[in-house]
Amino acid sequence: GENVEQHPSTLSVQEGDSAVIKCTYSDSASNYFPWYKQELGKGPQLIIDIRSNVGEKKDQRIAVTLNKTAKHFSLHITETQPEDSAVYFCAASRTGTASKLTFGTGTRLQVTL
Amino acid sequence: EAQVTQNPRYLITVTGKKLTVTCSQNMNHEYMSWYRQDPGLGLRQIYYSMNVEVTDKGDVPEGYKVSRKEKRNFPLILESPSPNQTSLYFCASSPRGDGEQFFGPGTRLTVL
């Protein structure tokens, strides 16, 4: 089955700096890679996703890059703000099989003033 | 308001006492799923359902049961809870199963 590794487990940045979270996956057939943000006491919420037919996707201060050859994808947050403080999860699945979404172990991001 | 609801939000119980955690969505989604979240392990899928009367095991199904008799409801049943099932549980739904999943607020379960 799929295995997703996520690093780092904790990340502290100063407000305004950039944050990068990295994930690797094992199943070369995986082609859907979402990122979820979990705020304290809440369920995860999708913030951005990417499919294997593109190498990069951007939405305002958030971007995701995908390297299918290396089986590696990353989340980039620029100009971090205190409200970006949360736990971030990467995940991977095969579209078509749909249901089997495998998550990474999470990164706790702390944005300090 | 479109949402996924779970009940109860918090539950403390004892080993062996059967319990059910309910999950309901009002978005007419076909796909629903249960996850457990444990420190250092992320979210792990327990069971999922692609539609009414269609369920399948996720990565950690042992000790759990589910049913999908109606499209909107997907209860999680622990027939004989054990302390290793102490965890934070999330229900999620999706229009298909492919794409964004919408998560409920979570149920924190403690089994003594």
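Attention in this report is confined to the structure presented alongside it.

Rules used in this analysis
Residues numbered from 1 in each chain as written. Chains lettered and ligands numbered in written order. Predicted model: local features only at pLDDT ≥ 70, side-chain atom pairs only at ≥ 80, totals over all residues. Heavy atoms only, no water. Helix = DSSP H or I, 4+ residues; strand = E, 2+ residues; numbered from the N terminus. Rg over C-alpha atoms; globule rule 2.2 N^0.38 Å. Buried < 20%, exposed > 50% of the residue type's maximum accessible area, 1.4 Å probe, protein only. Contact = heavy atoms within 4.5 Å. Patch = residues over 30% accessible without salt bridge, like charges linked within 9 Å, V, L, I, M, F, W, Y side chains within 5 Å. Areas by Shrake-Rupley, 256 points an atom, 1.4 Å probe, with all protein chains shown as cover. Salt bridge = Lys/Arg side-chain N within 4 Å of Asp/Glu carboxyl O. Buried area = accessible area lost by both parts, 1.4 Å probe. Polar contact = N/O pair within 3.5 Å; in protein donor to acceptor, adjacent residues only side chain to side chain. Nonpolar A, V, L, I, M, F, W, Y, C, P; charged D, E, K, R; others polar. Pairing = 2+ DSSP bridges. Axes fitted to C-alpha atoms, helices over the stretch in contact; angles between N-to-C directions.

Glancing now at the overall build of chain B. A count of helices and strands for chain B gives 0 helices and 11 strands. Counting helices and strands in the order they occur from the N terminus, chain B gives β-β-β-β-β-β-β-β-β-β-β. For a compact globule of 112 residues, the expected C-alpha radius of gyration is about 13 Å, and chain B comes in at 13 Å, within 12% of that figure. Principal-axis analysis of the C-alpha atoms gives chain B an extent of 35 × 25 × 25 Å. Each of the 112 residues in chain B was classed as buried or not, and the buried ones make up 51%. Partitioning the intrachain contacts of chain B with sequence separation of at least 6 by distance along the chain shows that 54% fall at a separation of at least 24.

Right, let's talk about a nonpolar patch on the surface for a bit. Residue and element names in this part refer to chain B. Taken together, the side chains of I12, V14 and L112 present a nonpolar region at the surface, about 330 Å² in accessible area. Note that L112 resides in the segment after β11 (107-111). Owing to a relative accessible area of 59%, L112 belongs among the exposed residues under this scheme.

Now for the interface of chain B and chain A. Taken together, the contacts link 23 residues of chain B with 20 residues of chain A. Considering only the side of chain B, the residues that lose the most area to chain A are B:L43, B:D98 and B:F103, jointly responsible for 29% of the buried surface there. Run the count over chain B and chain A and you get 1 salt bridge. Here B:D59 and A:K100 are joined by a salt bridge, their closest N and O atoms 3.0 Å apart. At the surface where chain B touches chain A, the tally comes to 3 residue pairs in polar contact (both at pLDDT 80 or more). For the side of chain B that touches chain A, the elements supplying multiple residues, two or more each, are β4 (31-38) and β5 (42-51) of chain B. A breakdown of the residues in the side of chain B that touches chain A according to their chemical character gives 9 nonpolar, 9 polar and 5 charged.

This part takes up unusual backbone geometry. Of note, the bond from A:H7 into A:P8 is cis; its omega dihedral lies within 30 degrees of zero at -5°. Locating A:P8 in the fold gives a position in the loop between β1 (4-7) and β2 (10-14). The omega angle of the peptide bond from B:N7 to B:P8 is -5°, so this bond is cis rather than trans. As for its placement among the helices and strands, B:P8 is situated in the loop between β1 (4-7) and β2 (10-13). Its identity is not glycine, yet A:K71 carries a phi of approximately 55°, on the positive side. By the secondary structure assignment, A:K71 is in the loop between β7 (62-67) and β8 (72-77). Positive phi, normally seen in glycine, also occurs at B:N28, with a value near 60°.

Here strand β4 (residues 32-38) of chain A pairs with strand β5 (residues 45-51) of chain A via 6 bridges, running antiparallel. Residue pairing in the sheet places A:Y36 in a bridge with A:L46 of β5(A).

Right, let's talk about the pairing of β4(A) for a bit. Residue and element names in this part refer to chain A. In terms of burial, β4 is a largely internal element, 7 of the 7 residues being buried. With antiparallel pairing between neighbouring strands as the criterion, β4 and β5 make up a hairpin whose turn holds 6 residues, including G41 at a positive phi of roughly 80°. As paired elements, β4 and strand β9 (residues 86-92) share 4 bridges and run antiparallel to each other. Paired with Q38 across the two strands is V87, which belongs to β9.

All names here are of chain A. Spatially, β1-β3-β8-β7-β6 is the arrangement adopted by the 5 strands of the open sheet, whose pairing is antiparallel. A single partner strand is all that each edge strand has here, and the edge strands are β1 and β6 (56-59). For this sheet, the mean angle separating the axes of adjacent strands, direction not counted, is 15°. Here β6 pairs with β7 via 4 bridges, running antiparallel. Across the sheet, D59 pairs through a bridge with I62, a residue of β7.

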